[in-house]
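# What the coordinates show
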Amino acid sequence: MDLLKLVALDEEDLQILSAHVQDAVMKVGDLTLLKREKRFVLPLRRFAWEKEKRGLFRKGPHERRLSILHFDRVLSVHSTGIDRQKPEDVLSLLAIHFVPGEAPAGTVELIFSGGAVLSLDVECIEARLADTEAAWQTPARPRHGV
């Protein structure tokens, strides 16, 4: 089983990483800021888009994989539409964007379904995605306009 490992160090890399985590799901209670390490960690269950045939909609089975996404050099975290008092709530990640600030700093925005947004103020783009386990089958393939 091929385990995906990606590193993002600029906006172009971040766009590629975003494509691989589109439709990943995670629990609010699993989102973790490690202040001392300036690291924000998101354990997620990502849809394995790389296993899908390009341009074809096929009936299942499809794959999800347990993965860890983390951002380094994080200065602060802000959220909209995420209730930290509900740790069992599930978030569905749609995209990751970078809003430049004073170079190389800026804000990494994680956009979730339902209008939720997680904003990470960063010194620079430094993100890593790594699969941690083999895939499991899922009958459903995400469908939306994004």
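Here the structure is a predicted model, which means the values were calculated and not measured.

### Digging into the overall build of the protein
- When helices and strands are counted, the protein shows 1 helix and 11 strands.
- Secondary structure elements of the protein, listed N to C terminal, follow the sequence β-α-β-β-β-β-β-β-β-β-β-β.
- Looking at the protein as a whole, 40% of its 146 residues qualify as buried.
- Long-range contacts, defined here as pairs at least 24 residues apart, represent 68% of the contacts in the protein between residues at least 6 apart.
- Per element, the accessible surface of the protein, about 8,400 Å² overall, is 51% carbon and sulfur.

### Observations regarding the environment of Thr 132
- Among the secondary structure elements, Thr 132 is positioned in the loop between strand E10 (127-131) and strand E11 (136-138).
- With a relative accessible area of 40%, Thr 132 lands in the partly exposed category.
- With 66 residues separating them in the primary sequence, Thr 132 and Leu 66 have C-alpha atoms 5.8 Å apart.
- With residues up to four places along the chain from it excluded, the contact list for Thr 132 reads Leu 66, Ser 67 and Ile 68.

Criteria and cut-off values
Residues numbered from 1 in each chain as written. Predicted model: local features only at pLDDT ≥ 70, side-chain atom pairs only at ≥ 80, totals over all residues. Heavy atoms only, no water. Helix = DSSP H or I, 4+ residues; strand = E, 2+ residues; numbered from the N terminus. Buried < 20%, exposed > 50% of the residue type's maximum accessible area, 1.4 Å probe, protein only. Contact = heavy atoms within 4.5 Å. Areas by Shrake-Rupley, 256 points an atom, 1.4 Å probe, with all protein chains shown as cover.

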